Amino acid sequence: MRFRLLKLYNLGAWGAALCMIAICGLVALQVLLRCVDGLLVLFGAARLGLGITGFSEIAAYLLVGATGLGLAYTFVHHAHIRVTLLVSRLPPAVRVWTEVFCLAVALSLTVALTYGLTQLIDESIEFQDVSSGFLSIPLWIPQTALMVGVGLLCLALIEALLTTLKTALTTPSRFHSDDADDSREESHN
Amino acid sequence: MLIMSLVTTLILFVLLGSGVWIAFALIGTAWLSLAMFTSFAPGPILASDFWGSSYGWDLTALPMFIWMGEILFRSGLANNMFRGLSPWLNRLPGRLLHTNIIGSGMFAAVCGSSAATCATVGKMTVPELEKRGYDSNMAIGTLASASTLGLLIPPSIMLIVYGVVTEQSISRLFMAGIGPGALILLLFMSFLVGWALLIGNRHGGTGIADPAMSLVDKIRNSWQLLPILALIGGIIGSIYGGLASPTEAAAVGVVLAMLIARYNGHFNREIFRDSLFAAVRTATMIAFIIAGASFLTSAMGFTQIPSRLAQVIAGMGLSPTALLVALTLLLLVLGCFLDGISLILLVTSIIMPMIETAGFDLIWFGIYLVIVVEMSQITPPVGFNLFVIQGLTGKDILTITRATIPFFLLMLLAIALMYQFPAIALYLPQAM
Amino acid sequence: AQWNLATPYGDASFHTENTKQFAEDVAEATDGELTINVHSGGSLVEHGEIKSSVRRGTINAGEIFLSTLSNESPIYEVDTLPGVAGSYEEAYQLWEVTKPVINDLFAEEGLMPLYAVAWPAQGIYTDFELTDPDEFDGLRVRAPNINTQRFIENLGGSPTETEESDIPNAFSTGRVDAMITSSSTGNAMTAWDYVSHYTDANLWLPKNIVFISRDAYQQLDESTQDAVMEAAAEAEERGWELSRQDNEDSLQALQDNGITVSEPNDAVAEALQAAGDELYESWLERADERAEQVLENYRQQVGND
Ligand code: NA
Ligand code: NA
């Protein structure tokens, strides 16, 4: 299946990847500072006692980006898993309709989720919700990252649903699901 | 309540069976059961649960360990490890299949979650085992089940949650996990040996024997194990040397893996990028399911199905042995639908008073609970290790489940042994 | 009606025991007209999401550690300021005077506080005997929040971030040298596994607060509303009593398990008070006029100004 907005989903994945790097870098830096202290003590000097204030708080919220922004990218790479044991035995003309059903279920839940998240963000802004740790991070920031990620997933699902519907209505017997071969290719690369 | 449970189960099976993505199937089931059986609007609950389960410091370890596994897999370190180990395991029936069990046991000492253990060890072992002609069912079965030990061998997220909720000593719980963890490792390895001797060897499911090697050659060959040993040593050292907490150790693992791969000459920009994006895919897939599972857990909290089922057992006035059998059954059934930590949270408040009255040691009971939760990681339809392996291999959940059945039974055996000989768990904490 | 109440604390905690009793009292007084399901241990909603979930109406009631709201308004910090209220009597007075301010802040979000119960006073856990203020120099003390962090810095120590669940491990691997918490929490976390001394310094008595959604409350008929308020008043009284009892039991348990419990000597007490005063000064700068006024009133009442 081809996705027109593929570049957008890849952009999301880049955001997620940057969050991953940031988490890793932040934690590694904190550990490094502790190593320095350890060495100083070993050589009889006093600790510097340096630390990144609130690093675990930042990491906790970066995680939202690391796993939220990649949702659509993960979907178009068929990396969200599902049970296809039963449906894979159906003839293509029937299978295409189960696929429409799956996409419709997924899309309606994602739309509901996106809507719910916008309300969540509205509230966070209205009441000026902040994180309870050292840094008072305004919660609407990570919440917006999550909503963007879910929104991208929404777009990807709409694209997939439209394409599948078109196949279902025009050439149902030519439908074939590409997730099975994709994941196999994944495990061998 | 019976109808409620049955309808919820039915919805979940219909959604999963028709091929709806697992996370969406969990969300859909929760949505419908909230809409049908409670007066709460599912929308706002979904949004706040989804948000609530997407941030958290402890959770950051999972994507980091997954990233580490991807680096090891791509930089050839996993391959090296197998070449180093292979001559040593030549004579042991089951040969390299033992790497799944030993590797999981070792990695469990670094990592507190079974999904991370499974994803990291599996990324290294599964492709290598397949390449070397090992029985794929056995490769999957040993991996799925042995990686659940991530929860039992300290550090363990599960034992921390249990310790905090019941106010038991976390250090004692950690000590108590070691004995049963070793017992389960031993049971798994014995089973593997038996299987290899009776069935596997005959069907050629235990790979090809490497040509015999002299001891000197074996030792010379073992330098290939050094990088991976340095990695594991570095992570464990950073935890017990007071440099990193178990959560921080995951990021330490990523950095060490990059440094070691670099030193070995197998690291470049491409590997960095590919490993990173593969980690994003796997971590996102798992995090999405975790969020879905948390929504389902909340829905169960609102409908009170799990706690009411526990109350039924509480009302039966059973003897300690019968109580344990009934509880095991209840938890295993619930464990099919709920993930580990939620399972404990939803039922402890009902079952703990019973357990204290029945005279069970609370440290012992914590270990028992963790083993049952480990089992729930490999029971369909909601079993996180199954999901991880499906993500790894593309094989269907039912195939994976079938491969884990013998190990599931061995864990039951471990519980029975622990019941008969409580010292397996309690010797170490009491000696503390 | 059926309400859901979420608390992050497990059943073993006296706070949860008290809250469950409150729920039972309400059910009894209203003949089952209003039943409150208490979901303990964060099983329904995690700690950080409880207040917003009640506000949103996904649950009707919640219990939280009040000072987790410190970033929202300085008034929520007052029960974590060392040296302001160090006994149950003072802590209760402090709660009485700050209650109207807190009620108003909660009301802005459509919430109604029902009652608050103090934890036992905070002291210092160390694996050595604390006899000299100089021992604070470079001491790595676990700081769970920004005020404790500032307090430790004022003492000359180095504050360390450690998750609660990581504490035993942090002590045994030498990432942390000391922690500040209550007798009750030390007992619940079996502190004797990793420390040897508890200095019962009566630094401050933080509180848990139980609150409900105003909408949910207004949907009740008048007699049910009265029953809720009556049960809440009883719960507050019982809770403070339970807290005192728990403090005694916990101190006993600490000693039974080999921890040396002692009061700080004059030098240490003086250093703690000085560090606390410094903190109070900086709090005054952050606080708005009303909060400042309330605190000044309180200090005159207890006569320690
Ligand atoms: Na572990
Ligand atoms: Na399961």
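Residues numbered from 1 in each chain as written. Chains lettered and ligands numbered in written order. Predicted model: local features only at pLDDT ≥ 70, side-chain atom pairs only at ≥ 80, totals over all residues. Heavy atoms only, no water.

A. Seen up close, the packing of helix H2 (residues 55-68) of chain A against helix H5 (residues 140-170) of chain A. Residue and element names in this part refer to chain A. Following both chains from N to C, one finds H2 and H5 inclined at 5 degrees, their axes separated by 9 Å at the closest point. Here H2 lies roughly parallel to H5, going by the angle between them. Of the residues in H5, those in contact with Tyr61, Val64 and Gly68 of H2 are Pro142, Leu146 and Gly149. For the contact of H2 with H5, the residue count by class is four nonpolar, two polar and no charged. (Axes fitted to C-alpha atoms, helices over the stretch in contact; angles between N-to-C directions. Helix = DSSP H or I, 4+ residues; strand = E, 2+ residues; numbered from the N terminus. Parallel < 35°, antiparallel > 145°, perpendicular 65-115°, else oblique. Contact = heavy atoms within 4.5 Å. Nonpolar A, V, L, I, M, F, W, Y, C, P; charged D, E, K, R; others polar.)

B. Geometry of the packing of helix H6 (residues 98-108) of chain B against helix H7 (residues 114-131) of chain B. Residues and elements named next belong to chain B. Contact geometry for H6 and H7: axes closest at 10 Å, N-to-C directions at 150 degrees. With respect to H7, the axis of H6 lies roughly antiparallel. Once H6 is placed against H7, the crossing between them reads as right-handed. Along the contact surface, H6 presents Thr99, Asn100, Gly103, Ser104, Phe107 and Ala108, while H7 presents Ala116, Thr117, Thr120, Val121, Thr125 and Leu129. Each residue belonging to the contact of H6 with H7 can be placed in one class, and the counts come to five nonpolar, seven polar and no charged. (Left-handed = near helix turned anticlockwise from the far one by under 90°.)

C. A look at the UniProt feature "transmembrane region" (unreviewed entry) in chain A. Residue and element names in this part refer to chain A. UniProt's feature table lists "transmembrane region" (unreviewed entry) at residues 12-33, 58-76, 96-117 and 137-158, given in the numbering used throughout. In residues 12-33, the share of helix is 100% and the share of strand is 0%. The end C-alpha atoms are 32 Å apart. Between the first and last C-alpha atoms of residues 58-76 the distance is 29 Å; the span itself is 89% helix and 0% strand. (UniProt positions renumbered as here; feature names shortened; annotations may be inferred.)

D. A look at the interface of chain A and chain B. Contacts between the two partners involve 64 residues from chain A, matched on the other side by 60 residues from chain B. Interface area for chain A against chain B, summed over the two sides, is near 5400 Å², with a carbon-plus-sulfur share of 77%. Interface area lost by chain A to chain B is led by Met20, Ile81 and Val83 of chain A, which between them contribute 14%. Where chain A touches chain B, the interface holds one salt bridge. A salt bridge links Glu248 of chain B to Arg34 of chain A; the nearest nitrogen and oxygen atoms lie 2.8 Å apart. Here chain A is connected to chain B by eight residue pairs in polar contact (both at pLDDT 80 or more). (Buried area = accessible area lost by both parts, 1.4 Å probe. Salt bridge = Lys/Arg side-chain N within 4 Å of Asp/Glu carboxyl O. Polar contact = N/O pair within 3.5 Å; in protein donor to acceptor, adjacent residues only side chain to side chain.)

E. Just the confidence of the model for chain A, in detail. Residues and elements named next belong to chain A. On average, residues of chain A score 89 in pLDDT, and 94% of them reach the 70 mark or higher. Across chain A, helix H3 (residues 71-76) holds the top mean pLDDT of 96, while helix H6 (residues 179-188) sits lowest at 42. Scored below 50 in pLDDT, residues 180-189 shows ten contacts in the model against residues more than four places distant or in partner chains. (pLDDT = per-residue confidence, 0-100.)

F. Just the interface of chain C and chain A, in detail. Contacts between the two partners involve 17 residues from chain C and, on the opposite side, 17 residues from chain A. Between chain C and chain A lies a buried interface of about 1500 Å² when both sides are counted; carbon and sulfur atoms form 46% of it. Per-residue buried area on chain C facing chain A is highest for Arg55, Asn71 and Glu161 of chain C; these three make up 41% of the total on that side. Counting across the chain C and chain A interface gives three salt bridges. Linking Asp129 of chain A and Arg55 of chain C is a salt bridge whose minimum nitrogen-to-oxygen distance equals 2.5 Å. There are eight residue pairs in polar contact (both at pLDDT 80 or more) connecting chain C and chain A. Here the residues of the side of chain C that touches chain A are counted per class, giving three nonpolar, six polar and eight charged.

G. Examining a nonpolar patch on the surface more closely. All names here are of chain A. A cluster of nonpolar side chains, contributed by Leu5, Leu8, Leu11, Leu155, Ile158 and Leu162, occupies part of the molecular surface with about 510 Å² of accessible area. Among the secondary structure elements, those contributing two or more residues to the nonpolar patch are helix H1 (6-42) and H5. It is H5 that provides the largest number of residues to the nonpolar patch, a total of three residues. Inspection of the secondary structure puts Leu162 in helix H5. Judged by relative accessible area, which is 55%, Leu162 ranks as exposed. (Patch = residues over 30% accessible without salt bridge, like charges linked within 9 Å, V, L, I, M, F, W, Y side chains within 5 Å. Areas by Shrake-Rupley, 256 points an atom, 1.4 Å probe, with all protein chains shown as cover. Buried < 20%, exposed > 50% of the residue type's maximum accessible area, 1.4 Å probe, protein only.)

H. Helix H9 (residues 266-286) of chain C, seen in detail. All names here are of chain C. In this model, H9 (21 residues) spans 30 Å end to end at C-alpha, consistent with the 30 Å of a helix rising 1.5 Å per residue. Inspection of H9 places Val268, Leu272, Ala275, Gly276, Leu279, Tyr280, Trp283 and Leu284 among the buried residues, and these make up the whole buried set. Buried residues belonging to H9 abut strand S5 (122-126), helix H4 (146-155) and helix H10 (289-302). (Expected span 1.5 Å × (residues − 1).)

I. How the structure looks around the side chain of Thr114 of chain A. All names here are of chain A. Within the secondary structure layout, Thr114 lies in helix H4 (residues 92-126). A distance of 2.6 Å separates the side chain of Thr114 from the backbone oxygen of Thr110, its partner in a polar contact. Every residue in contact with Thr114, bar those within four places of it in the chain, is listed here: Met147, Val150, Gly151 and Cys154.

J. How the structure looks around the sheet that holds strand S10 (residues 207-213) of chain C. Residue and element names in this part refer to chain C. With mixed pairing, five strands are arranged side by side in an open sheet as S2-S1-S3-S10-S4. Edge positions in the sheet fall to strand S2 (35-39) and strand S4 (111-118), since each has one partner strand and no second. Taking the axes of each pair of neighbouring strands and ignoring which way they run, one obtains an average angle of 20 degrees across the sheet. Pairing analysis gives seven bridges linking S4 to S10, with the strands arranged antiparallel. Bridge pairing links Met112 to Ile212 in S10. In the packing of helix H3 (residues 88-108) onto the sheet, the strands contacted are S4 and S10, and the crossing angle to S4 comes to about 150 degrees. Where helix H8 (residues 222-256) meets the sheet, it contacts S4 and S10, and its direction lies at approximately 25 degrees from that of S4. (Pairing = 2+ DSSP bridges.)

K. Expanded view of the pattern of salt bridges. According to the stated counting rule, one finds 25 salt bridges over all chains in the structure shown. With its nearest N and O atoms 2.7 Å apart, the salt bridge here joins Glu128 of chain B to Arg132 of chain B. Linked by salt bridges that have partners in common, Glu123 and Asp129 of chain A together with Lys51, Arg55, Arg56, Glu72 and Glu109 of chain C make up one network.

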